[in-house]
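Here's the letter readout for the chains.
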Amino acid sequence: IANSELNITNQKAALVRAESQLKEAKRKLDLQDKMVTQGVGTADARDAAQSVYDQAIASLESAQAQLKSAQASLESVKAQRRVAETQGVTAKAQVATADANLQNAQLDLEHTRITSPVDGVVVARNTDVGQTVQASYSVATLFTIAQDLSKMHVETNIDESDISRVQED
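Below, the structure is looked at part by part. (Residues numbered from 1 in each chain as written. Predicted model: local features only at pLDDT ≥ 70, side-chain atom pairs only at ≥ 80, totals over all residues. Heavy atoms only, no water.)

## Thoughts on the overall build of the protein
Put simply, the rule reads: For helices the rule is a DSSP run of H or I covering at least 4 residues; for strands it is a run of E covering at least 2, with both sets numbered from the N terminus onward. Restricting the calculation to C-alpha atoms gives the radius of gyration, and the globule rule supplies 2.2 Å times the number of residues raised to the power 0.38. Think of it in three bands: residues with accessible area under 20% of the maximum for their type are buried, residues over 50% are exposed, and the middle band is partly exposed, with areas taken using a 1.4 Å probe on protein chains only. Here a residue-residue contact requires only that any non-hydrogen atoms of the pair lie within 4.5 Å. To measure how exposed things are, a 1.4 Å probe is used in the Shrake-Rupley method; for residues, cover is taken only from the protein chains shown. When charges are counted, neither His nor the chain ends are considered; positive counts come from Lys and Arg and negative counts from Asp and Glu. Taken as the charge location is NZ of Lys, CZ of Arg, CG of Asp or CD of Glu.
When its secondary structure is counted, the protein shows two helices and two strands. In the protein, the succession of α and β elements from N to C terminus is α-α-β-β. Here the C-alpha atoms of the protein give a radius of gyration of 47 Å, more than 25% beyond the 15 Å that 2.2 N^0.38 yields for 169 residues. Expressed as a percentage of its 169 residues, the buried residues of the protein come to 12%. Expressed as a percentage of contacts within the protein between residues at least 6 apart in sequence, the contacts between residues at least 24 apart total 61%. Accessible surface, the protein: about 14000 Å² in total, of which carbon and sulfur atoms supply 51%. With 17 positive and 23 negative side-chain charges, the protein shows a separation of 24 Å between the mean positions of the two kinds.

## Quick word on the nonpolar core
The tendency in soluble globular proteins is for nonpolar side chains to be buried side by side. To be explicit about the condition: Residue types Ala, Val, Leu, Ile, Met, Phe, Trp, Tyr and Cys, when buried and joined through side-chain atoms within 4.5 Å, form a set referred to as a nonpolar core.
Grouped together as the largest cluster of nonpolar side chains are 14 residues, with contacts concentrated most on I8, L15, L22, Y53 and L60. Only α1 (2–38) and α2 (43–110) provide two or more residues apiece to this core. Ranked by residue count, the leading element in this core is α2, at eight residues. Excluding anything up to four places from it in sequence, L22 contacts Y53, A56, I57 and L60.

## Quick notes on a nonpolar patch on the surface
Condition: A residue counts toward a patch only above 30% relative accessible area and without a salt bridge, and it is joined to like-charged neighbours within 9 Å or, for Val, Leu, Ile, Met, Phe, Trp and Tyr, to nonpolar neighbours within 5 Å. Salt bridges, as used here, are contacts in which a Lys or Arg side-chain nitrogen is within 4 Å of a carboxyl oxygen on Asp or Glu.
On the surface, a nonpolar cluster with roughly 430 Å² of combined accessible area is contributed by V121, V123, L149, M152 and V154. A relative accessible area of 42% means that V121 is categorised as partly exposed.

## Details of α2
Formally: Expected helix span is given by 1.5 Å per residue-to-residue step, counting one fewer step than there are residues.
With 68 residues, α2 ought to run about 100 Å at 1.5 Å a step, and its terminal C-alpha atoms sit 99 Å apart, in line with that. Those residues of α2 hidden inside the fold are in contact with α1.

## Quick word on the side chain of S4
Along the chain, S4 turns up in helix α1. Dropping the residues within four chain positions of it, S4 is found in contact with S73, L74 and V77.

## A look at the environment of N3
For N3, the location among the structural elements is in helix α1. The spatial distance from the C-alpha of N3 to the C-alpha of V77 is 9.9 Å, given a sequence separation of 74 residues.

## Observations regarding the pattern of salt bridges
With the rule as written, the count across this model stands at six salt bridges. As a salt-bridge pair, R46 and D33 come within 2.5 Å of each other at their nearest N and O atoms. Of this pair, R46 sits in helix α2 while D33 sits in helix α1, placing them 13 residues apart in sequence. Here D33 falls in the partly exposed class, since its relative accessible area comes to 25%. Beyond isolated ion pairs, a larger network of salt bridges with shared partners links E24, R27 and K28.

Structure below.
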């Protein structure tokens, strides 16, 4: 922005110079016209003064266009700054949203712990890992837990070919 403002200042100075040169060229052209009319000046000198005057007009128009361009450039830079500020605000809002989502996910994670009311060994699992479990009035058995395996009585069927390998403990 500061560079664009400096450029505008320089272009204004160039415009003032061009206006001054135009006035001087106009004065000299008028003088040459008078001299030609009075028969003292030459047509060649008058044509040269006309050429300088035309160049001064072109320089003035160029300076005016460059000033407008510099002013448009300043407005563009200011608009880019506003866009960047808006993007910064948007990014901060996205960070805040992501933080809120993270907190919700952590809270959900804290509520996903299933703890057993007793110590023991899980002997049967009736749910799969990742399966959704909902709290309801009819409680399903999620796990079967044995508290003390040393006092457990197991009834099972063993194939006759394997019976010779069965031992206590």
